[in-house]
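What the coordinates show
These are the residues of each chain, in order.
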Amino acid sequence: MESWRRRTLLKVIVLGDSGVGKTSLMNQYVSKKFSQQYKATIGADFLTKEVLIGDRLVTLQIWDTAGQERFQSLGVAFYRGADCCVLVYDVNVKRSFNTLDTWHDEFLNQAGPSDPQRFPFILVGNKIDLDGGSKRMVPEKKAREWCASKGDIPYFETSAKEDHNVDTAFLCIARLALEHEHDQDIYFKTVAEQVPDTEQTSGCAC
Ligand code: GDP
Ligand code: MG
């Protein structure tokens, strides 16, 4: 039996300083894998993940950098058509928090969304597991103040290593992007039995 299902494609980009755990967060979210080894990402690429949000089947296309974030030169193709943006810093590295303004501005300049005030961002403070939190340099309050100053961006503290809060953060950004999207839906024909694995969502704090 064939049926028509409505599918939405959302381009998610993940930005932040090198080493904060962007690739690890994506890998944990999409593949449930974590590697201690530091590997500069090779080749800008994306991973995809299907999620079910309400009755909407959503394909998240999550773009990773190829390590060019060191030079802040990610190129226009990386930003083009982004539906939402995940900003990441490392709670143990102050500098990675201080550069958030630059990443936020860089995104708005490069992607040029039509309504920058309402564009869906989330902020992720990663590596909260490190040394049981004893090396933490950025208090949660400071991060929340930054989020408030940017128009109430939702904030999540995560550990890609221990898979803490990772799903919640990505689901939140997907939901925000969905609310924000206009006409990027595509319709596709599918065989009902072949609906890909999906993840049922139960709601998030945003
Ligand atoms: P990227 O440059 O932002 O993509 O960062 P990576 O994902 O490559 O991570 C940089 C390093 O931090 C790697 O050695 C990871 O194993 C480590 N890392 C990433 N996330 C976490 C985390 O949540 N906790 C801990 N302890 N280490 C992490
Ligand atoms: Mg990386």
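Our subject in this report is the structure included herewith. Here the structure is a predicted model, which is why all the values come from computation and not from measurement. (Residues numbered from 1 in each chain as written. Chains lettered and ligands numbered in written order. Predicted model: local features only at pLDDT ≥ 70, side-chain atom pairs only at ≥ 80, totals over all residues. Heavy atoms only, no water.)

Here we come to the pattern of salt bridges. Enumeration according to the criterion identifies 10 salt bridges in this entry. One salt bridge connects D17 with R95, and the closest N-O pair in it is separated by 4.0 Å. With D17 in the loop between β1 (2-15) and α1 (22-31) and R95 in helix α3 (residues 94-98), this pair connects stretches of sequence that are 78 residues apart. Judged by relative accessible area, R95 falls into the exposed class, the value being 58%. A salt bridge links E140 to R144, with the nearest nitrogen and oxygen atoms 2.9 Å apart. Taken together, the positions of E140 and R144, both in helix α5 (residues 140-149) and four residues apart, correspond to about one turn of that helix. Assessed through its relative accessible area of 34%, E140 is described here as partly exposed. Judged by its relative accessible area of 42%, R144 falls in the partly exposed class. Connected through shared salt-bridge partners, K32, D163 and D167 make up one network. (Salt bridge = Lys/Arg side-chain N within 4 Å of Asp/Glu carboxyl O. Helix = DSSP H or I, 4+ residues; strand = E, 2+ residues; numbered from the N terminus. Buried < 20%, exposed > 50% of the residue type's maximum accessible area, 1.4 Å probe, protein only.)

Around ligand 1, the structure places 20 residues, and the nearest of them are G19, K22, S24, S35 and D129. Interatomic distance of 3.3 Å between a backbone N/O atom of V20 and an oxygen atom of ligand 1. For ligand 1, an oxygen atom lies 2.8 Å from a polar atom in the side chain of T23. Expressed as a share of its isolated accessible area of 580 Å², the protein-covered part of ligand 1 is 92%. Looking at the shell around ligand 1 element by element, the count peaks at three residues for α1. (Near = heavy atom within 4 Å. Polar contact = N/O pair within 3.5 Å; in protein donor to acceptor, adjacent residues only side chain to side chain. Areas by Shrake-Rupley, 256 points an atom, 1.4 Å probe, with all protein chains shown as cover.)

Time to look at the environment of T48. As for its position among the elements, T48 is in strand β2 (residues 45-53). In contact with T48, not counting residues within four places along its chain, are V30, T59, L60 and Q61. (Contact = heavy atoms within 4.5 Å.)

Before going further, it helps to examine the packing of aromatic side chains. For the coordinates displayed, the defined rule picks out 10 aromatic pairs. The interplanar angle of 10 degrees and the centroid separation of 4.4 Å between the aromatic rings of Y29 and F170 together place this pair among those described as stacked. Taken together, the residues span a long stretch of sequence, with Y29 in helix α1 and F170 in helix α6 (residues 166-180) at a distance of 141 residues. When its relative accessible area of 0% is taken as the criterion, Y29 is described as buried. Ring centres of Y89 and F97 lie 5.1 Å apart, and the angle between their planes is 65 degrees; this geometry places the pair in the edge-to-face category. The same class applies to Y89 as to F97, namely buried. Among the aromatic residues, those joined into a ring-pair cluster are F46, W63, F78, Y79, F107, F119 and F121. The ring of W63 is capped by K11, whose NZ or CZ atom sits 4.0 Å from the centre of that ring. (Phe/Tyr/Trp six-rings, centres within 6.5 Å; stacked < 30°, edge-to-face > 60°. Lys NZ or Arg CZ within 6 Å of the ring centre and 35° of its normal.)

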